[in-house]
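Single-letter residue listing:
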Amino acid sequence: QLQLVESGGGLVQAGGSLRLSCAVFGRTDDRNIMSWFRQVTGREREFVAAITVSDDTHYAASVKGRFTISRDNAKNTLFLQMNSLKPDDTAVYYCAAGRVSNVLRRDEYPSWGQGTQVTVSS
């Protein structure tokens, strides 16, 4: 199991940008899919974006066109560039990793970070 550490969260005004990072520690697997999820208190954790080993990307409809997921394999780091942020993007953002068959299913991911808070003010 990997150790994942997120950073880059904070407070930003609507329309602004943030870049989240997720550092990966441990024995990495080139077949791992890396993803971002987010969670608002009292609601289920929801899928945001995923990137496969071949750099194919998948996005939730609510963030497509505004968020970009990328990975730096040499530095074992995952990124989420978030532009045109909206108050509805306010949540704790988690990175996750695993050899999953369905990127949307959070229960398939064995490795999770501790989360980083993103707050978007109106």
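Below is a summary of the structure that appears in this document. (Residues numbered from 1 in each chain as written. Predicted model: local features only at pLDDT ≥ 70, side-chain atom pairs only at ≥ 80, totals over all residues. Heavy atoms only, no water.)

Looking at unusual backbone geometry
Next, step 1: Residue Asn76 is not a glycine yet carries a positive backbone phi of 50°.
Next, step 2: The residue Asn76 is located in the loop between strand E7 (67-72) and strand E8 (77-82) in this model.
Next, step 3: In this model, Ser84 sits at a positive phi of 50°, which is unusual for a non-glycine residue.
Next, step 4: Examined against the element boundaries, Ser84 turns out to sit in the loop between E8 and strand E9 (91-98).
Next, step 5: When its relative accessible area of 41% is taken as the criterion, Ser84 is described as partly exposed. (Helix = DSSP H or I, 4+ residues; strand = E, 2+ residues; numbered from the N terminus. Buried < 20%, exposed > 50% of the residue type's maximum accessible area, 1.4 Å probe, protein only.)

Details of the sheet that holds strand E3 (residues 18-25)
Next, step 1: Strand order in the open sheet formed by four strands is E1-E3-E8-E7, with antiparallel pairing between adjacent strands. The strands lining the two open edges of the sheet, one partner per strand, are strand E1 (3-7) and E7. Across the sheet, the axes of successive neighbouring strands diverge by a mean angle of 15°, strand direction being ignored.
Next, step 2: As defined by bridge partners, E1 adjoins E3 across five bridges and the pair is classed as antiparallel. When the bridges of E3 are listed, Glu6 appears paired with Cys22. (Pairing = 2+ DSSP bridges. Axes fitted to C-alpha atoms, helices over the stretch in contact; angles between N-to-C directions.)

Examining the pattern of salt bridges
Pairing of side chains with opposite charge becomes possible as their charged atoms draw close.
Next, step 1: Scanning all chains against the criterion turns up six salt bridges.
Next, step 2: A salt bridge links Glu46 to Arg38, with the nearest nitrogen and oxygen atoms 2.6 Å apart.
Next, step 3: Of the residues examined, Glu46 reaches a relative accessible area of 31% and is grouped as partly exposed.
Next, step 4: Of the charged contacts in the structure, one is a salt bridge between Glu108 and Arg105, with a shortest N-O distance of 3.5 Å.
Next, step 5: When its relative accessible area of 25% is taken as the criterion, Glu108 is described as partly exposed.
Next, step 6: Judged by its relative accessible area of 40%, Arg105 is partly exposed.
Next, step 7: Among the ionic contacts, a cluster of salt bridges with common partners joins Arg38, Glu46, Arg66 and Asp89. (Salt bridge = Lys/Arg side-chain N within 4 Å of Asp/Glu carboxyl O.)

Things to note about the packing of aromatic side chains
Next, step 1: According to the stated counting rule, one finds five aromatic pairs in the structure shown.
Next, step 2: Ring centres of Phe37 and Phe47 lie 5.7 Å apart, and the angle between their planes is 80°; on these two criteria the pair is classed as edge-to-face. Here Phe37 is found in strand E4 (residues 33-39), whereas its partner Phe47 is found in strand E5 (residues 46-51), with 10 residues between them in sequence. The same class applies to Phe37 as to Phe47, namely buried.
Next, step 3: Over the ring of Tyr94 we find Arg45; its NZ or CZ atom is 3.6 Å from the centre of that ring.
Next, step 4: Between Arg45 and the ring centre of Trp112, over which it is positioned, the NZ or CZ distance is 4.9 Å. (Phe/Tyr/Trp six-rings, centres within 6.5 Å; stacked < 30°, edge-to-face > 60°. Lys NZ or Arg CZ within 6 Å of the ring centre and 35° of its normal.)

Some words on the layout of surface pockets
Next, step 1: As a volume, the largest pocket reaches approximately 200 Å³.
Next, step 2: Thr28, Asp29, Arg71, Asn73 and Asn76 are the residues nearest the centre of the largest pocket, which is lined by 14 residues in total.
Next, step 3: Listing elements by their share of the lining of the largest pocket, those giving two or more residues are E7 and E8.
Next, step 4: In the lining of the largest pocket, the residues fall into five nonpolar, five polar and four charged.
Next, step 5: Quantified by volume, the second largest pocket comes out at close to 150 Å³.
Next, step 6: Around the second largest pocket sit Arg38, Gln39, Val40, Arg43, Glu44, Glu46, Asp88, Asp89, Thr90 and Ala91, which together line it.
Next, step 7: When the residues that make up the lining of the second largest pocket are grouped by side-chain class, the tally is two nonpolar, two polar and six charged. (1 Å grid on protein atoms, 1.4 Å probe; cavity = no way out; pocket = protein on both sides within 12 Å on 5 of 7 lines; lining within 4 Å. Points joined across faces, edges and corners; volume = space filled by probe spheres on them. Nonpolar A, V, L, I, M, F, W, Y, C, P; charged D, E, K, R; others polar.)

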